[in-house]
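Secondary and tertiary structure notes
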Amino acid sequence: MSFDVALLFIQQGVASGLVTGSVYALLAVAIVIIYRTTDVANFAGGEFYMAAAYLAFFMIAMMALPFWLAVIATIVVMCIGAGLFQRIVLAQVALARGVAINLVIATLGLSYLVKGIVRSTGFGDTPRTFPSVVPDGSFTIGDASVSYLDVTILGAAVLVMALFFWVFNFTKTGRAMRAVGMNRRAAQLVGINLGRVEMMVWCFASAISGIAAILIAPKLLMTAEMGSVVTMAFAAAIVGGFTSLPGAVIGGFIIGITENMVGLFVSSRAINVAPFVIIMLVLIFKPQGLFGGALKVRKV
Amino acid sequence: MAAMLSLSNVLMRFGGIVAINDFSMEVEAGSIHALIGPNGAGKSTVFNCISRIYQPATGKIVVRGQDVTALPPHAMAGLGVARTFQNLELFNELSVIENVMLGAYAHEETGFWQRLKPRSPATRAKAEAILEQTGLQDFRDVKANSLDFGRQKLLELARALAGSPKLMLLDEPAAGLRSREIERLDQILTDLNQRHGITILLVEHVMQLVMSISNRITVLNFGEKIAEGTPGEVKTHPRVIEAYLGAEAASHG
Amino acid sequence: QAPAAEPGLTATTIKIGMFGPLSGPSMAYGFDVVNAARMYFDKINREGGIHGRRIEVVVEDDRCTANDVVAAVKKLVEQDQVFMLNGGSCSAPVVAARDYVVRSGVPWVMLNASGDGALYPPQPNIFGALSISQRAVGGSTIEFATRQLSAKRIGYINHDDAYGAWNLEAARFQAAQNGAELIVESINPAIADVTAPVLKLRAANVDAIIIATYARPAQLILKKAQELNVNKPIVIAVNAIANLRQLVENVGSREAFRNVYIQELLAAAPGSEKLAWVYDLYKQSYPELAAKPDHPQVYMPYGIPPAMVIVRALQAAGPQPTRAKVIAAIEQLNFDSGVMAGPISFSPTDRAGQKASIYFRFDGQAMTPVPGVFASRWTYQGQ
Amino acid sequence: MADLLELKHVSAGYGRIEALSGISLTVPEGGIVALLGANGAGKSTTLNVISGLVPATSGEVRFKGRAISGERSDRIVASGISQVPEGREVFRDMSVQENLAIGAQLRNDRAGISADIEVMTGYFPILATRFKQMAGTLSGGEQQMLLIARALMARPSLLLLDEPSLGLAPLLVKQIFDIVVTLHREQKLTLLIVEQNAAVALAVSQYAYILENGEIVAEGPSADLANDDAIRRAYLGA
Amino acid sequence: MLVALGLIALIAGAIGLTSFATGYVIYIVNLVMVAIVLALGLHIVIGECGQFSLAHAAFYGIGIYTAGLVTNLLGAPFWLSLLAGGLVAGLIGFFIGFLSLRMRDIYLALSTFAFGEAMQWLFLNWTPVTGGPNGLNIKPATLFGFQFLTDRAAFPLVLSVTLVILALVAVLHVSTLGRSLRAVRESEIAAASVGINVTRMKLTAFTLSAFVAGLAGGLYTTFSTFIHPDSLGFQTTIIILTTVVVGGMGSLIGAVGGAMVFGLLSELLRQVPSYQEMIYGGILILFMMYAPRGMFSFVGRR
Ligand SMILES: Nc1ncnc2c1ncn2[C@@H]1O[C@H](COP(=O)(O)OP(=O)(O)OP(=O)(O)O)[C@@H](O)[C@H]1O
Ligand SMILES: Nc1ncnc2c1ncn2[C@@H]1O[C@H](COP(=O)(O)OP(=O)(O)OP(=O)(O)O)[C@@H](O)[C@H]1O
Ligand SMILES: [Mg+2]
Ligand SMILES: [Mg+2]
């Protein structure tokens, strides 16, 4: 391979990897927020994203709603749906003395349910898209070609992530969310409305998934199986440390870029296994992920 | 008399905080030795260093003549060291009797195949006896985490006893007990010490207990030893009064 | 076998066991294919059946997983006692039922599974590739690229699964024969970012790119090729892109279709006059399904030829059919279905029914047929 | 003095276990009431019923004349009841500062909150030196102080203390009870104290209840109880 | 007592089965027994030791490929293939356990998840050994020169191996070893303080769990003739995990019962194709809402 080609590969690989990575990062943020506050690894994260895409599709392409109206409606509906799931299902699991794994299996159940519902509408089979936020076309940076859509995705993703980072770390609501994640009893004793905070967390997370879906469906296309990218989001979250929001974001970029580098310099066959190899390597050397903090001995 | 336990020049840091600083002490075999000091002085940290949960930066820890500074935590039970925890570390979902039986783990047969044998009757009998001794026999099959706080503390003591220890490290065993139970605990500990010859290192804030049963007391403040001696000596030591007991408590006595 | 009573046969009925993915992620590959075959059987029944016997079908869901395919087959054979089998839409899992079917001796005509793993080496009672075999797909695309597009260096993107392994084998064979060089990029069907394979093919300066993947990755690749300014001809092999308007919409611009060819297995473009009867029959038979969006599913017509094979073989086997007679009859078949691009034929040594495909040029709006037939020359040589 | 808190025939339990069987008690406004009893008597359960963490199966809890049983715990906190729980329930991965701030979760007066944090570090100077340390790594006593301070940050009118002296050095026990008495005097804080150390509890309180197996077996002015022989033997040691 | 009676009834029923049931039913029963063994394996590491391993399908696959290859290449009798499958899986389980020792909770779960995905990729791409995307054809199992060609013939074999494994896991459960695994699950610090070598316990659990999963793989090859990597992915792990959780975590009856109920449920659901995903999802949700401690929690935890 000549130097020029290698240089081109690196540039294009990084550029495309950043964009795909931002998709992973957004979904990873949604996963991490839920995990940190409710201890649940949300297996339905992918289906939130899928459901949001179909909702938006339905409103834009079938009902011909104006784009922005559809976007807002999608986010609102997602938020309410996830909130209700928390309130009706997860709250009851907790009430019945379920532990974290029970909640996880409940989200798994939800994911089957949502997939089944989407498939039964008949829309699930053919890959679909809906008009993207931005016009077609691309430009080049160095040797890399980047589409307007890509730039928008990256920009919007970073914006959304920054916003949620701020909410989570620097607002009262965010503090309440973190408190619930640490000690539910104590949170109740300082006057936090547990139910509301948990509902809000699910609502936030699914809103993020909704935003991701609207940004990305035009790029990755929709099928009933599109939620499987959440695997990559999990990978991103793990690499980043699973409890760290910035970690999830950086993890997303790492996974996105590595996929491309492996595809370009090793083999296209290896693209899909690359994230898992990264996970294993990262965890072997840093058992808490890159930003998960030091391995702590519990004080007794 | 030989030293059951000796620490020399132990130093333990957490980030910037020096939790124990150049600390040395000796616990005589067969004695009840108390380690007291204000909250945050580093008492539990000393325990954690001895039971190998923390690795001190410098210093040496010797148990019954053997340097244990490089041993893993699980090796300590085999050396006859058992402990309880300040904030409870029970096997929550297991029954009371299972908790106690696990305490005897280090003395059961080892080896993969032997351990596959169904529960050994000897261990069970021993556990039953200890439940009797600690008054927990009625709770034998209850899950540990549904006991009230006081009984959970007692269960920890029972579990430690099951290990037939030579040295017991007790981190605040009386916390949460009321006076009558403290008296009972006093009796149990004295009995263990005198009849079974178990050496006890005790961290405790309940002075009523400490002063009545200890042979010797070491006082820690900000990770450093400020006094050591018999209860009588320590009680009147000005630095101890100032940092720990307070004038009133000392005068009551 | 006792000559007296063949299972699944009465004086008035003949029982056929059908199976395919009726649920779950692979549903798109077979749900309506099963429906199509079923409606064809119904049509035959309405027209009087076969030698006075009505065709009775028992349908099982095989979920396109190996264990479920085997469970479905065993249930049909042992519990429902069907006369013969008609099923299978997914290539890798159907292979799992091969040994059992061979041992039990039940004739099996696959639905649209390419099923190469069960067809090669040929087994006495298994017939398939009624849409096409993957070997035939791979060989044909290379033939098209070398003969029609005069390509010497060919970029070949396929899946890393059973599908891909089979079509690649024949593609390699044909490329060697035609003196072309093959640059292969095998991708996972679930891939999200196709930058690497496309960019590598651009850098390798290939003369043409063949995409032998499912619809979603194919569309991602087309889109990426446009973004990365790849202006070489692109051939899309069989992949269920029936709705060409959706294809253009998904790719995002007509620009991307400057130089695109589409392989087709059906006798004519979907929606054309020639196939109208199939779609009409579907609407008639399943009004509720037809009202759903995206129905019939893309592969629906592929269910007709297997049903035709069964009907013709039963007719040929005479009023007292046995499994052996039916197998012999299938071996002799050679007919034009009117649905697929080429004739359907078997022989004592060849169990793959349909091998031809035709090509269209598609400019984002209109389809222009490319004259000629481009056949794979790969044949089974033993293992 | 009006009754600030009133429990009428309250029962509660965990699954099949009945922990409280129809207890009644009152806490007058501005008073200090002690609740004594053996381990497992149901003292913590009582406080948790008041705080809304454990639902009452029957009976009624009234606060400021209003029935609060069945209300959500955050509403109860908002109405002016704070609890210092047993078991060191701090927010382990938050700093001391954040733990204090979150105590004022239901308040919106920024200035008042930071002033109160000052006040708390005045009461408990050690917390000031640990301001940025994660609460989970504090020593047991430090955590106990943090918990009291955190509860006070809500500016409650009724403070429930569950074994405040547990695990504290003698000097600190004295300090904490001094602070409690000071708060009671200066801020007119009403207190319900659960305490193993009956001597201390009876010394600071005006009225006391004694709980056994989920039932109130004795009650009376603290001074009287302290002089009652049976009580002395059972709770005060020789 | 109840358990023993149930077991006897089960065995009697199973033997009766061979005489009148169709080969199809026996096939399903065989599959269910493999599911039981898989669930038992996962029970050891999750239920007893509290370590979340999400690579169970990978160990199962290793067992299948090893046993299959040993049968194909060496013509070994079934018990040798079975054991080989278990041992190789156990060995790799030991290695993975070793790498994962420093990890806890979710990190452990996710690193094993990554390992599982990587293994599936390896199965798919290591064509010379696994047959890659073509899958691997497995010759029928043999014993004393007798070939097990049908499900019916293999059934007694599958049943006895399952019972033996069940018995072994039950012994583990009541043994000192089992108790010390549970101690690690409840509190590592306390476990160490009573003298339990926490590291060794975790390794033991990982290894045993992988060993049993490998045995399940070997068992599968006694009545199946084909394996494809598609069957060995995360989906499969999730199904096993689900059976263990819905049955009741930490309970032996739960693991076995969960595997039976879900094995049959899965087969029943094939009869309602268009709704099965929704029904399955709904069932999971309802179980978690109303019986999170397990569908057999009312039988009493063992
Ligand atoms: N794991 C840790 N990380 C950081 N700091 C720690 C850790 N463990 C202990 N410390 C600090 O070390 C000091 C001593 O703590 P330790 O728990 O030993 O005190 P103690 O004497 O047992 O107090 P108490 O009587 O209140 O239990 C404290 O300031 C505590 O904050
Ligand atoms: N979460 C729980 N699950 C089951 N039983 C419980 C639970 N919490 C408490 N109990 C039981 O309820 C009874 C009352 O417990 P509670 O904690 O109120 O006692 P307490 O008086 O505070 O005791 P202590 O002085 O030991 O703290 C006890 O028998 C206890 O075992
Ligand atoms: Mg301490
Ligand atoms: Mg209490």
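The name an unreviewed UniProt entry gives chain B is ABC transporter ATP-binding protein, with Phreatobacter stygius as the organism.

As for the coordination of the magnesium ion (ligand 4)
Ideal coordination angles are 109.5 degrees for a metal with four donors arranged tetrahedrally and 90 or 180 degrees for a metal with six donors arranged octahedrally. Residue and element names in this part refer to chain D. With distances of 1.9 to 2.6 Å, the protein atoms coordinating the magnesium ion (ligand 4) are Ser44 (OG) and Glu86 (OE). With a gap of 42 residues between them, serine 44 in helix α1 (residues 43-51) and glutamate 86 in the loop between β6 (81-84) and α3 (96-103) connect regions that are remote in the sequence. Classification of serine 44 as buried rests on a relative accessible area of 16%.

Observations regarding the coordination of the magnesium ion (ligand 3)
Residues and elements named next belong to chain B. In the first shell of the magnesium ion (ligand 3), the protein supplies Ser44 (OG) and Gln86 (OE1), at 1.9 to 2.2 Å from the metal. One end of the pair, serine 44, is in helix α1 (residues 43-50); the other, glutamine 86, is in the loop between β6 (81-83) and α3 (96-103), with 42 residues separating them in the sequence. Side by side, serine 44 and glutamine 86 carry an identical accessibility label, which is buried.

Side note on helix α2 (residues 66-79) of chain C
In an α-helix, one turn spans 3.6 residues; hence positions three or four apart end up facing the same way. Residues and elements named next belong to chain C. Helix length check: α2, at 14 residues, gives a terminal C-alpha distance of 19 Å against a target of 20 Å (1.5 Å per residue), a fit within 8%. Most of α2 is tucked away, with eleven of its 14 residues classed as buried. Among the residues making up α2, those that are buried are Ala66, Asp68, Val69, Val70, Ala71, Ala72, Val73, Lys74, Lys75, Leu76 and Val77. The positive-phi residue at the C-terminal boundary of α2 is glutamine 81, with phi of around 55 degrees.

So, the pattern of salt bridges
Applying the stated criterion to the full structure yields 45 salt bridges over all chains. Between Glu60(D) and Arg62(D) there is a salt bridge, with the nearest N and O atoms lying 3.2 Å from each other. When its relative accessible area of 24% is taken as the criterion, Arg62(D) is described as partly exposed. Of the charged contacts, one joins Arg155(D) and Asp116(D) as a salt bridge, the two residues approaching to 2.9 Å between their closest N and O atoms. One end of the pair, Arg155(D), is in the loop between α6 (140-152) and β7 (158-162); the other, Asp116(D), is in helix α4 (residues 110-123), and 39 residues separate them in sequence. One network of salt bridges, in which partners are shared, links Glu60(C), Lys75(C), Asp80(C), Glu267(E) and Arg270(E).

Calculation criteria
- Residues numbered from 1 in each chain as written.
- Chains lettered and ligands numbered in written order.
- Predicted model: local features only at pLDDT ≥ 70, side-chain atom pairs only at ≥ 80, totals over all residues.
- Heavy atoms only, no water.
- Donors = N, O, S within 2.8 Å, 3.2 Å for Na, K, Ca; no water.
- Helix = DSSP H or I, 4+ residues; strand = E, 2+ residues; numbered from the N terminus.
- Buried < 20%, exposed > 50% of the residue type's maximum accessible area, 1.4 Å probe, protein only.
- Expected span 1.5 Å × (residues − 1).
- Salt bridge = Lys/Arg side-chain N within 4 Å of Asp/Glu carboxyl O.

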